[in-house]
Amino acid sequence: EENKIAIKTTKPPPKILLQPSNPYYDEINEVVSRHIHRIYEKTKGGEDTWECIAEEGELKVYKREIEENGIVLDPLKAVHTVTGITGHEVCHHFWDIKVRMDWEATLESSDVVEWLSEDTFICHNVIKRVWPASQRDAVFWTHIRHVPGESDEEPDVWIVVNYSTDHKSVPAGKYVRVTMNVAMVCQTIIDPPADGKITRDNIRCKISYTADVNPGGWAPASVLRAVYKREYPRFLKRFTSYVKDATAKREVMF
Ligand code: 18C
């Protein structure tokens, strides 16, 4: 099993942004704009419908408990503010599959299935097995985009969305197929110093991460919730410090 040879027939990324002629174009635009609208919705007393499951400094992780036919569908959201990095840098490292295994702790593998454009590809994640549940995998498109702020006062937005799809070259069956709608949405705040020379100390990134995951088939609720409670905060801390380290000595990518 471990000696298998991966034959990569994936064509290289086309040097062109996602085009209207692409079959995924409408779905991607719809899903992306829904996520972007969410960050402008001012929570109208909605705070109490989310239960905080972790808080550490600027990081807050919330969930809402939802079960359908015994399957845990708890939506998860996290907010974080990190100094020294930009939204572009955060999103770039979240999207770039070449660095994914440097910060992902819950995956066995992650491979490109097909490039759709220079900002979008379909990928296949195989998730580490958690005893006593069956092993899971996921196939999703992943898209990165820069969007201007809604108004003059609102900073620009960088966003990555990972959204489940099907692909003929990775049929379900070998693993239990997880489905997801995950978004990393970032805004960069700059506090310019008196001398006008902006360094990483003057930059903050406001992150909003949301994950709607269907584990696809039964998994013991208490174990799953315990794994989520441990793994999501761990991911957010590990990933953001990874981005800080990876960018510290480089020029700021605005
Ligand atoms: O968003 C993240 N990563 C992205 C890029 O890879 C992508 C992936 C999303 C994964 C969604 C979570 C899948 C959950 C699967 C359910 C597993 C069922 C297990 C049954 C348990 C009883 O968008 C970052 C994602 C951060 C993930 C945090 C939670 C993941 C839990 C996965 C469990 C497996 C980890 C076991 C680790 C054991 C380590 C020794």
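The coordinates are above.
Residues numbered from 1 in each chain as written. Predicted model: local features only at pLDDT ≥ 70, side-chain atom pairs only at ≥ 80, totals over all residues. Heavy atoms only, no water.

**Side note on the pairing of strand S7 (residues 120–127)**
Line of reasoning, step 1. Of all eight residues that make up S7, seven are buried, and the element is covered over most of its length.
Line of reasoning, step 2. Strand direction decides the pairing type here: strand S6 (residues 107–117) and S7, joined by eight bridges, are antiparallel. When the bridges of S7 are listed, Ser 109 appears paired with Val 126.
Line of reasoning, step 3. The loop that links S6 with its antiparallel partner S7 comprises two residues.
Line of reasoning, step 4. The pairing of S7 with strand S8 (residues 136–147) spans seven bridges and is antiparallel. Paired with Val 126 across the bridge in S8 is Asp 137. (Buried < 20%, exposed > 50% of the residue type's maximum accessible area, 1.4 Å probe, protein only. Helix = DSSP H or I, 4+ residues; strand = E, 2+ residues; numbered from the N terminus. Pairing = 2+ DSSP bridges.)

**Some thoughts on the environment of Asp 156**
Line of reasoning, step 1. With respect to the helices and strands, Asp 156 occurs in the loop between S8 and strand S9 (157–164).
Line of reasoning, step 2. C-alpha of Asp 156 to C-alpha of His 146: the two residues are 10 residues apart in sequence and 7.3 Å apart in space.
Line of reasoning, step 3. Polar contacts involving the side chain of Asp 156 include one to the side chain of His 146, which spans 2.9 Å. (Polar contact = N/O pair within 3.5 Å; in protein donor to acceptor, adjacent residues only side chain to side chain.)

**Looking at the packing of aromatic side chains**
Line of reasoning, step 1. Throughout the structure, instances matching the rule amount to 14 aromatic pairs.
Line of reasoning, step 2. These aromatic residues form a ring-pair network of at least three members: Phe 94, Trp 103, Tyr 209, Tyr 228, Tyr 232, Phe 235 and Phe 239.
Line of reasoning, step 3. Across from the ring centre of Tyr 62, 6.0 Å away, lies the NZ or CZ of Lys 77, which sits over that ring. (Phe/Tyr/Trp six-rings, centres within 6.5 Å; stacked < 30°, edge-to-face > 60°. Lys NZ or Arg CZ within 6 Å of the ring centre and 35° of its normal.)

**Here's the deal with the pattern of salt bridges**
Line of reasoning, step 1. Considering all chains together, one arrives at 11 salt bridges under this definition.
Line of reasoning, step 2. Between Glu 65 and Lys 63 there is a salt bridge whose closest N-O contact spans 2.9 Å.
Line of reasoning, step 3. The closest approach of N and O atoms between Arg 225 and Glu 65, which form a salt bridge, is 3.6 Å. Of this pair, Arg 225 sits in helix H4 (residues 221–247) while Glu 65 is found in the loop between strand S2 (59–63) and strand S3 (67–68), placing the two residues 160 residues apart along the sequence. (Salt bridge = Lys/Arg side-chain N within 4 Å of Asp/Glu carboxyl O.)

**Brief notes about unusual backbone geometry**
Line of reasoning, step 1. Residues Trp 131 and Pro 132 are joined by a peptide bond in cis, for which omega reads 5°.
Line of reasoning, step 2. Residue position: Pro 132 is located in the loop between S7 and S8.
Line of reasoning, step 3. One non-glycine residue with positive phi stands out, namely Asn 69, at about 50°.
Line of reasoning, step 4. Relative to the helices and strands, Asn 69 resides in the loop between S3 and strand S4 (71–72).

**Describing the site of the ligand**
Line of reasoning, step 1. In the vicinity of the ligand lie 26 residues, with Phe 94, Glu 104, Asn 125, Asn 162 and Tyr 209 positioned nearest.
Line of reasoning, step 2. Its free accessible area being 920 Å², the ligand has 90% of it covered by the protein chains.
Line of reasoning, step 3. Of all elements in the fold, only helix H3 (97–103), S7, strand S11 (179–190), strand S12 (203–214) and H4 reach the threshold of two or more residues within the shell around the ligand.
Line of reasoning, step 4. The leading source of residues in the shell around the ligand is H4, at seven residues. (Near = heavy atom within 4 Å. Areas by Shrake-Rupley, 256 points an atom, 1.4 Å probe, with all protein chains shown as cover.)

**Remarks on the state of the cysteines**
Line of reasoning, step 1. In this structure the tally under the stated criterion is zero disulfides.
Line of reasoning, step 2. Cys 91 carries a free sulfur, and the closest cysteine sulfur to it, the one in Cys 186, is 3.9 Å from it.
Line of reasoning, step 3. With no disulfide of its own, Cys 123 lies closest to Cys 91 among cysteine sulfurs, the gap being 15 Å.
Line of reasoning, step 4. Cys 123 gets classed as buried once you look at its relative accessible area, which sits at 0%. (Disulfide = S-S within 2.5 Å.)

**Concerning the packing of helix H2 (residues 87–95) against H4**
Line of reasoning, step 1. Interhelical geometry of H2 versus H4 gives an angle of 110° and a closest axis separation of 10 Å. On the basis of the axis angle, H2 is roughly perpendicular to H4. Here H2 and H4 pass one another in a crossing that is right-handed. Here H2 contributes Glu 89, Val 90, His 93 and Phe 94 to the contact with H4, which in turn contributes Phe 235, Phe 239, Tyr 242, Val 243, Ala 246 and Thr 247. (Axes fitted to C-alpha atoms, helices over the stretch in contact; angles between N-to-C directions. Parallel < 35°, antiparallel > 145°, perpendicular 65-115°, else oblique. Left-handed = near helix turned anticlockwise from the far one by under 90°. Contact = heavy atoms within 4.5 Å.)

Note that every value here comes from positions in space, so none of it alone points to a role or purpose.
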